[in-house]
Amino acid sequence: MQVGLWTVAARGKTHLDLGKDCPKELNVAPAENFWTTMRHGAVRLRVEETGPASEPPVTAHQRLWDSAQRFGNHPAMAVKRDGQWRTTTYLQYYQACRAAAKSFLKLGLDRFHGVGILGCNSPEWFIGHIGAIIAGGIPVGIYPTSSVDACQYVANNSEANILVVEDDYQLKKILQVKDQLPHLRAIVQYNDDLKEKRPNLYTWVEFMQLGSEIPDSELDDIIASQKVNQCCTLIYTSGTTGAPKGTMLSHDGITWLSKMFSRYSGLREREIHVSYLPLSHLAAQFFDIWLPMYLGGTIYFANKDALKSQESLFDTLKEVRPTVFFGVPRTWEKIQGVLVEMESKSSSMQRSINPSAGYPSSATNLKHMNGTGSGSLGFSMADLGLDRCVLRYTGGAITPKDTLEYFMGLNLPLIEIYGMSESSGNHTVSLTRNYRITSCGTTVPGCKTRIHMPDEDGNGEICIGGRHVFMGYLNMVEKTKEAFNEEGWLHTGDIGKLDQDGFLYITGRIKELVITSGGKNIAPIPIENDLKKEVPIISNAMLVGDKRKFLSMLITLKCTTDQDTLMPGDNLTPDAIRFCQQLGSRATRVSEVVKSKDPAIYKAIQEGMDRVNKRAVSNAHRVQKWTILERDFSVDGGELGPTMKMKRSVILKKYDKIIDEFYKVENSLQGKTQRSLAEKNEDFKSKL
Ligand SMILES: Nc1ncnc2c1ncn2[C@@H]1O[C@H](COP(=O)(O)OP(=O)(O)OP(=O)(O)O)[C@@H](O)[C@H]1O
């Protein structure tokens, strides 16, 4: 039978075994299993006979080549250099990737070996990434914030032959461990001048010329030998739930999902994007590299401090005015904070506030939101550069309901998406025409969702099937086996439910459950978000209680970024100061609040906690003790991952002494909630 360009003998099967005994020209390697842990391994394709999953599989090179044909002189990327935006067209992008690929070959890149890219988002990051793929290597992003040890781990684990580093700061990290990287052959630095010449260290300009003598035919042979069911990219998980794992994604998984998502989500051709989230994370790669490549979008690179300084991000947004924008929930919370701030500063008495919700009424304010002047709210979306942004995506973590409702009130709903590294991109998406608040939307066509062992409310583990499911964790057989069932379904470790129309709701993460010593399973995020909503001065709240007798909480306050270190500073944000003033406190710094145990603030937090505790479903769900930390969590501080989810194990370790105090001292000086009789009884029983 005919499936697209392919003739396949199998009939009546859900998955066509293109991987078995298929002719060479199909670009499919023979494979028996749905998973592998070997860098050169191949997996069975999950192409179906009909429907969206029957699309012909293509390699990454085929996708880029196709885009270069379709979008030739249209800008693929723009970066600001010396105050000017410099663009690269799709044709130039393609040619640059080929040149980089030849240079990688010249430097001795072996098939299926790593090319580590360590630095902030830039055209060189993209070109190094795609160049590595078409040269037959495996690109792997390393977080710019990674410690020397973490860089060494990824470089070693991926058997990297070449490391592409951004600047002297990143170079120094690699030089410290280069003698412990047996596969490393060369280092390329893509920004700044080299401070000193060393053997096998190249500037970007030198690098791009290195391969000029390699014949095109040599590269073309390598490209032609690439198989759609082999590894295209390696993504190291961010480690929010344990040691990073090298997630192998196939060419087909990435190219097929980016096509399906593009068609279904309402994205149009030639959208304008801003790249600012760390590219080592899959969500950023999906939005910045693969979706624009399919649709001919143009990527504008934000300044490298965009993640730490919202002013810097807003500067880029205002200049670029993207038509689509992906933010992790924390980004949207920050934008919400800025809007609320602007609104409160507005002297206009004609604001249209919806008294019941406390949010602007959508009907009256839509025209202002569209960027036509500051209007009655005291701000417009043009002030943020989002006036022509039609698709406002949020995902990567749970978006607080309060934030969803706020933007809904502005008639600018946030479009929730759900995915993970292991799903090559987004598995579900909300649609502007078909939207349910707090749901991550419906499953992308051709992808499959199943709820494993649902409880009476329909909640169970979300399982994912389809061509976009990852190949396996590099060199980790046990972890890979845990992720898959026998039929090749991926167990996500997330808890959720589907409604009758197929809308997915994420309700928890098995991987994050707090299990008290009394054996109670407690999902921390709803409690943490509830408290943040009750007490708006709180920036982060982390529930503690695993293997402990009761729950406690670490709290940080909203503060501004220190201008020198770009780390969370000691100054409270303007809205946090306003919160203090409303309570009669004159505090302007976190340290003042903590050192003086500012009675007004501590009382407000305790009262908020009491309200949260009142709503607790059982005594075990009540938070007994809490404390305010002197410094907010941050990516650089190591407490937050790239999607701003808390790295719980890091925080537990970093603040272990404070936590131990919760459980050591009965009448601690920290905030303490009256313990219920039932809890005391439970304690008593466990002591028997
Ligand atoms: N829209 C969403 N709502 C709620 N949670 C989400 C959403 N999108 C993604 N997530 C969460 O993020 C996870 C995927 O993120 P990622 O692939 O970065 O791995 P991780 O779970 O954060 O951590 P690790 O890197 O340690 O494995 C999902 O499994 C889910 O828990």
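On a predicted model such as this, the values are computed, not experimentally measured, just so you know. Residue positions within a chain follow its written sequence, with the count starting from 1. Totals for whole chains, interfaces and linings use all residues, but because this is a predicted model, local features are given only for residues with pLDDT of at least 70 and pairs of side-chain atoms are given and counted only at 80 or more. The basis for every side-chain value is the complete set of heavy atoms in the structure, and neither hydrogens nor water enter the calculation.

Q: When you look at the pattern of salt bridges in this model, what are you seeing that I'm missing?
A: Once their charged atoms are close, side chains differing in charge can pair, the charge on each being opposite to the other. Any Lys or Arg side-chain nitrogen located within 4 Å of an Asp or Glu carboxyl oxygen qualifies as a salt bridge. Under the defined criterion, the tally for this structure stands at 42 salt bridges. With a shortest N-O distance of 3.3 Å, Asp-216 and Arg-98 are connected by a salt bridge. Pair noted here: Asp-216 is in helix 7 (residues 216-224) and Arg-98 is in helix 2 (residues 90-106), with a separation of 118 residues, a long-range link. What you see here is one network of salt bridges that share partners, running through Arg-98, Lys-102, Asp-216 and Asp-220. Secondary structure follows DSSP: runs of H or I at least 4 residues long count as helices, runs of E at least 2 residues long count as strands, and numbering of each begins at the N terminus.

Q: How do you make sense of the sheet that holds strand 22 (residues 460-465) when you look at a structure like this?
A: In sheet architecture, strand pairing relies on hydrogen bonds along the backbone and comes in two forms, parallel and antiparallel. Strands pair, by our definition, only if DSSP identifies at least two bridges between them. Taken together, the 4 strands give an open sheet; going across it, the order is 21-22-24-25, and neighbouring strands pair in antiparallel fashion. The open sheet has two edge strands, strand 21 (448-452) and strand 25 (504-509), and neither has a second partner. Within this sheet the neighbouring strands show an average axis-to-axis angle of 50 degrees, counted without direction. When strand 21 meets strand 22, the two strands line up antiparallel, connected through 5 bridges. Residue pairing in the sheet places His-452 in a bridge with Glu-461 of strand 22. As a rule, the C-alpha atoms of each element are fitted with a line to give its axis, helices using only the stretch in contact, and angles between N-to-C directions run from 0 to 180 degrees.

Q: Can you help me understand the side chain of Ser-265 in this one?
A: Within the element layout of this structure, Ser-265 appears in helix 8 (residues 251-265). Note on classification: 1.4 Å probe, protein chains only; a residue is buried when its accessible area is under 20% of the maximum for its type, exposed when over 50%, partly exposed between these limits. By relative accessible area, which is 5% here, Ser-265 ends up buried. A distance of 2.8 Å separates a polar side-chain atom of Ser-265 from the backbone oxygen of Phe-261. Any pair of nitrogen or oxygen atoms within 3.5 Å is treated as a polar contact; in protein, a donor-acceptor pairing is required on top of that, and neighbouring residues in sequence qualify only through side-chain atoms on both sides. A distance of 3.4 Å separates a polar side-chain atom of Ser-265 from the backbone nitrogen of Leu-267. Leaving out residues up to four positions away in the same chain, Ser-265 has contacts with Leu-391, Tyr-393, Val-429 and Leu-431. Note on definitions: a residue-residue contact is assigned when non-hydrogen atoms from the two residues lie within 4.5 Å.

Q: Would you take a moment to explain helix 3 (residues 123-134) for this structure?
A: Residues lying three or four places apart along an α-helix face the same way, a consequence of the helix completing one turn every 3.6 residues. Take the number of residues in a helix, subtract one, and multiply by 1.5 Å to get its expected span. Over its 12 residues, helix 3 extends 17 Å from the first C-alpha to the last, a length consistent with the 16 Å expected when each residue adds 1.5 Å. Buried residues dominate helix 3, accounting for 12 of its 12 residues. Along helix 3, the residues classified as buried are Pro-123, Glu-124, Trp-125, Phe-126, Ile-127, Gly-128, His-129, Ile-130, Gly-131, Ala-132, Ile-133 and Ile-134. One or two steps after helix 3, the chain reaches Gly-136, where phi turns positive at roughly 90 degrees.

Q: Whenever I open this one, the packing of aromatic side chains confuses me. Can you help?
A: Where two aromatic rings form a pair, the distance of their centres and the angle of their planes describe that pair. Two aromatic rings from Phe, Tyr or Trp, using only the six-membered ring of Trp, form a pair when their centres are within 6.5 Å; if the ring planes differ by under 30 degrees the pair is stacked, by over 60 it is edge-to-face, and anything between is tilted. Across all of its chains, the model carries 24 aromatic pairs by this definition. When the ring of Phe-550 is compared with that of Tyr-663, the centres are 4.7 Å apart and the planes differ by 35 degrees; the resulting orientation is tilted. Of this pair, Phe-550 sits in the loop between strand 28 (538-544) and strand 29 (551-557) while Tyr-663 sits in helix 20 (residues 656-664), and the two are 113 residues apart along the sequence. Phe-550 sits in the buried class, given a relative accessible area of 9%. In textbook terms, an aromatic cluster arises when at least three aromatic residues are bridged by ring pairs, as seen for Phe-71, Tyr-90, Tyr-93, Phe-126 and Phe-301. Two thresholds decide whether a charge sits over a ring: the Lys NZ or Arg CZ must be within 6 Å of the ring centre and within 35 degrees of the ring normal. A cation sits over an aromatic face here: Lys-245 above Tyr-473, 5.2 Å from the ring centre. Lying over the aromatic face of Trp-489, Arg-450 brings its terminal NZ or CZ to 4.1 Å of the ring centre.

Q: What exactly am I supposed to notice about empty space enclosed by the protein here?
A: Rolling a probe over the atoms, with the probe sized like a water molecule, indicates the empty space that remains. Grid spacing is 1 Å over the protein atoms alone, the probe is 1.4 Å, and a cavity is where that probe fits but cannot get out, while a pocket is an open set with protein on both sides within 12 Å along at least five of seven lines and lining residues have an atom within 4 Å of a point. Grid points are joined across faces, edges and corners, and a volume is the space filled by probe spheres set on the points. This model, assessed by the stated rule, comprises 7 cavities of 30 Å³ or more. A volume near 280 Å³ is recorded for the largest cavity. Lining of the largest cavity is provided by 18 residues; of these, Ala-397, Asn-529, Lys-532, Met-644 and Lys-645 occupy positions nearest its centre. The dominant element in the lining of the largest cavity, judged by the number of residues it contributes, is helix 15 (residues 524-534), at 4 residues. Its residues assigned to classes, the lining of the largest cavity comprises 8 nonpolar, 3 polar and 7 charged. Computed from the structure, the second largest cavity encloses a volume of approximately 140 Å³. In this classification, Asp, Glu, Lys and Arg are treated as charged, Ala, Val, Leu, Ile, Met, Phe, Trp, Tyr, Cys and Pro as nonpolar, and every other residue, Gly included, as polar.

Q: Looking at this structure, how should I read helix 4 (residues 148-157)?
A: Those residues of helix 4 that sit buried are Val-148, Cys-151, Gln-152, Val-154, Ala-155 and Asn-157. Following helix 4 by one or two positions, Glu-159 adopts a phi angle in the positive range, close to 50 degrees.

Q: Would you mind going over unusual backbone geometry with me for this structure?
A: Among all residues except glycine, the phi angle is most often negative; among peptide bonds, the trans geometry is most common. Within the chain, Phe-112 stands out as a residue other than glycine whose phi angle is a positive 65 degrees. In this fold, Phe-112 is placed in the loop between helix 2 and strand 5 (114-118). With a phi angle near 60 degrees, Arg-270 is a residue other than glycine that sits in the positive phi range. With respect to the helices, strands and loops of the structure, Arg-270 is situated in the loop between helix 8 and strand 12 (272-275).

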